[in-house]
Amino acid sequence: MTALRVRLGMLGLALLAGLSAPGAAPTATAAAPAAPSPTAEERRLDRAVPQEILRRSGFDEPAARFGRDLARARTYAQARRVVGRQGAALWRRAVDRAQGRGPAGGDLTRDDDRPLYWARLGMARHVRTWQPGFALSDGQRASLLDRLERTSRGQTDVRLPGKPHLGRILLTGFDPFTLDRDIRISNPSGASALALDGTVIETAGGPARVETVVFPVRWADFADGTVERTLRPYLPRADLFMTVSQGRVGRFDVERTNGAWRGGFPDNDDVESTGTVPVADPVTQPQWTSTTLPYAAVTAADTGRFPVYDHTEVTEIPAGGTAPVVRPDGPTPGSAARAGGGGDYLSNEIAYRATLLRDRLGLHDTLPGGHLHTPVLQFGAGNTDPATGTVTDPEFVRNRLDIIAQVRSILTVAASAALRY
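First things first, this report covers the structure right here in the doc.

**Observations concerning the sheet that holds strand β11 (residues 314–317)**
Working step 1: The sheet built from three strands is open, its strands ordered β12-β11-β13 with antiparallel pairing. Every interior strand has two partners, whereas the edge strands, β12 (325–327) and β13 (336–339), have only one. Pairwise comparison of adjacent strand axes, ignoring direction, gives a mean angle of 40° for this sheet.
Working step 2: Bridge analysis of β11 against β12 gives three bridges, and the strand direction is antiparallel. Each residue of the ladder has a partner; that of E316, found in β12, is V325.

What follows is the structure, encoded as C-alpha cells:
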C-alpha cells in the first residue's frame, strides 16, 4: 500500500507539472487555427461558369499542378520559387495561346482572356489558404501573393528592346469585372494585351515592339502603388504608352482628361472607395492630367468597324462651387475633379496614375501616352441572359476579335503619328 501511495503521489506531481509547464502540448479537444479565408473574388471560382471556362481551355490544369507543387514546398524559399516559376509560366502560356502557339487546350477560341483570369485566381486561392508544415508569417504570405500577381500579369516580363531603329510601346489591359452582373464576362483590353504582347507592328516611322501587362480591378492594389511600381522602370525607355480598358457600347474613346477622383463603384473584391485618388506626395497632386496621345490623328483614321471619338467631357466642382457640373469641353481653371473623361472608376484611375507618373518623371513633352476605352464586349442577341446563356457564341467571339484588331490598328496610327526613330 505504501508503494502504491508513493506511485500515485508521483503521478499526481507529474500531471500537475505537465499542466503548469509553459508550452505544454494542447489537449485533444483544443481548436485548430482557422484556415485563412479566400477573398470575395476568389470565392466566385466555385461557380459553374468559371469551372467550364477553365475546363474548356485546359487552364484547369495549371492551378491544380500549382496546388500540388506548393503543398510539397518545405521552406519559404522553395515556395517563392514555385510561385515565381509557375506564375510566369501561366502568363507565357496565356500569351502563347492567344497568339496561336502550342495547343489550344480545348474548344474555347484562342482570343479568350478569361482562362488566364480564372486560373490566376485559383492559384491565388491556393496561396491564401495554404497551411504549410513550417511557420509562414502574414508578411511572407502577402509577399507570395504579390509575386504571383506580378509574374502572372506580365509585369516581370516586359522586354523593351534596346535596338536604335525599333520603337518601344507599352500597353496595359484589365481583368474582367462586374462579374456579379454576368460572371461570363470577358474584358477586351485584357484580350488585346495577350494578343499584342511581344509583337512588332509596322508604323510610318518604322517597326515598333509592343510589350503588355494586365492590372487587377481592385481599389486596394491601386492605392498600394501597383501601377507606379510596374510602369516606373519602363516609361523613361518607352516611345509611347497606352492604357486600355473597356468603356462604352459601340465606340472607342481616346480620353482627353483624367481626374483625381474615385467614385466608389464596387471592385472585384466587392470593395467600394470614394475620394481623392491616393498617390505619393499628395501636396503636389493635380486635380487633372491630360493625354499626350495624337488623338486627332487617331480619330481621323479608318481603324475598324467601331467609331473612335476624341472624348473631352469631365465632371467637376467649379472653383468656389459646391455642386458637380458636367463640362463637355474639359475642366475649368481651379476646379475639383469628380470624373475624368474615363469616368470615376479604375479606368480613369489608371489613366490618371500613368499620366501623372509621366509628368513627375519630366516626360510630358517627350512621351506620348494616355488612355483608350474600347467598346463593351457584347454577347450575341440570343445569349444575353446570364442565368441561361452560354459562355461564348459566334458573335461574342467576332466582337472580341474585331476589338482586338482595332486596338492594334489604333496603336499603329498613334505610333505612326507620334514616333520618328
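**Description of the pattern of salt bridges**
Working step 1: Applying the stated criterion to the full structure yields 38 salt bridges.
Working step 2: A salt bridge links R153 to E149; its shortest N-O distance comes to 2.6 Å. With respect to class, R153 is no different from E149; both count as buried.
Working step 3: Note that D253 is salt-bridged to R251, the shortest N-O span being 2.5 Å.
Working step 4: Taken together, the shared-partner salt bridges connect E41, R120, E149, R153, D175, R218 and D221 into one network.

**Points about the sheet that holds strand β3 (residues 206–215)**
Working step 1: One open sheet holds the seven strands; their spatial order is β2-β3-β1-β4-β14-β5-β10, and the pairing between them is mixed. Looking at the sheet topology across the chains shown, the edges are occupied by β2 (200–203) and β10 (308–311). Between one strand axis and the next, the sheet turns by 30° as a mean value, whatever way the strands run.
Working step 2: Note that strand β5 (residues 252–255) and strand β14 (residues 369–374) share three bridges and pair antiparallel. Residue pairing across strands places E255 opposite H371, the latter belonging to β14.
Working step 3: Helix-sheet contacts for helix α12 (residues 346–360) involve β1 (167–174), β3, β4 (240–246) and β14, and the interaxial angle to β4 is about 170°.

**Focus: the packing of aromatic side chains**
Working step 1: Counted according to the given criterion, the structure contains nine aromatic pairs.
Working step 2: On the basis of an interplanar angle of 70° and a centroid distance of 4.8 Å, the ring pair of Y117 and W118 is categorised as edge-to-face.
Working step 3: Take Y117: its relative accessible area is 2%, and that puts it in the buried class.
Working step 4: For W118, a relative accessible area of 1% corresponds to the buried category.
Working step 5: The structure contains a cluster of three or more aromatic residues connected by ring pairs, namely F177, W219, F265 and Y345.

**Describing the packing of helix α5 (residues 76–98) against helix α7 (residues 138–152)**
Working step 1: At a minimum axis separation of 7 Å, α5 and α7 run at an interaxial angle of 20°. Classed by the angle they form, the pair α5 and α7 counts as roughly parallel. Considering the relative orientation of α5 and α7, their crossing is right-handed. On α7, the residues touching Y76, A79, R80, V83, G84, G87, A88, L90 and W91 of α5 are Q140, S143, L144, R147, L148, T151 and S152.
Working step 2: Looking at the contact of α5 with α7, its residues break down into eight nonpolar, six polar and two charged.

**A few points about the nonpolar core**
Working step 1: In terms of nonpolar packing, the biggest core is built from 64 residues, with W118 and L411 touching the most fellow members.
Working step 2: The greatest single-element share of this core, amounting to eight residues, is contributed by helix α6 (residues 114–129).
Working step 3: The residues touching W118, leaving out its near neighbours within four places in the chain, are R44, L45, P50, I53, L54, L179 and I183.
Working step 4: Core analysis: the next-biggest nonpolar cluster, separate from the first, contains 23 residues, L170, F222, V227 and L231 among them.

**Thoughts on helix α13 (residues 394–418)**
Working step 1: The end-to-end C-alpha distance of α13 is 36 Å, a good match for the 36 Å that 25 residues give at a rise of 1.5 Å each.
Working step 2: Sitting at the amino-terminal end of α13 is D393, which places a side-chain oxygen 3.0 Å from the backbone nitrogen of E395.

**Points about the side chain of T303**
Working step 1: Looking at the secondary structure, you find T303 in the loop between α11 (295–300) and β10.
Working step 2: When its relative accessible area of 9% is taken as the criterion, T303 is described as buried.
Working step 3: For T303, the side chain forms a polar contact with the side chain of Q406, separated by 3.1 Å.
Working step 4: Every residue in contact with T303, bar those within four places of it in the chain, is listed here: V308, Q406, S409, I410 and V413.

**Some remarks on the environment of T230**
Working step 1: Along the polypeptide, T230 turns up in helix α10 (residues 226–231).
Working step 2: As for T230 and V158, which are separated by 72 residues in sequence, their C-alpha atoms are 9.5 Å apart.
Working step 3: Each residue touching T230, except ones within four places of it in the same chain, is listed here: R150, Q155, V213 and F215.
Working step 4: In terms of polar contacts, T230 uses its side chain to reach the side chain of Q155, at 3.2 Å.

Parameters at a glance
Residues numbered from 1 in each chain as written. Predicted model: local features only at pLDDT ≥ 70, side-chain atom pairs only at ≥ 80, totals over all residues. Heavy atoms only, no water. Pairing = 2+ DSSP bridges. Helix = DSSP H or I, 4+ residues; strand = E, 2+ residues; numbered from the N terminus. Axes fitted to C-alpha atoms, helices over the stretch in contact; angles between N-to-C directions. Salt bridge = Lys/Arg side-chain N within 4 Å of Asp/Glu carboxyl O. Buried < 20%, exposed > 50% of the residue type's maximum accessible area, 1.4 Å probe, protein only. Contact = heavy atoms within 4.5 Å. Phe/Tyr/Trp six-rings, centres within 6.5 Å; stacked < 30°, edge-to-face > 60°. Parallel < 35°, antiparallel > 145°, perpendicular 65-115°, else oblique. Left-handed = near helix turned anticlockwise from the far one by under 90°. Nonpolar A, V, L, I, M, F, W, Y, C, P; charged D, E, K, R; others polar. Core = buried A, V, L, I, M, F, W, Y, C linked by side-chain atoms within 4.5 Å. Expected span 1.5 Å × (residues − 1). Polar contact = N/O pair within 3.5 Å; in protein donor to acceptor, adjacent residues only side chain to side chain.

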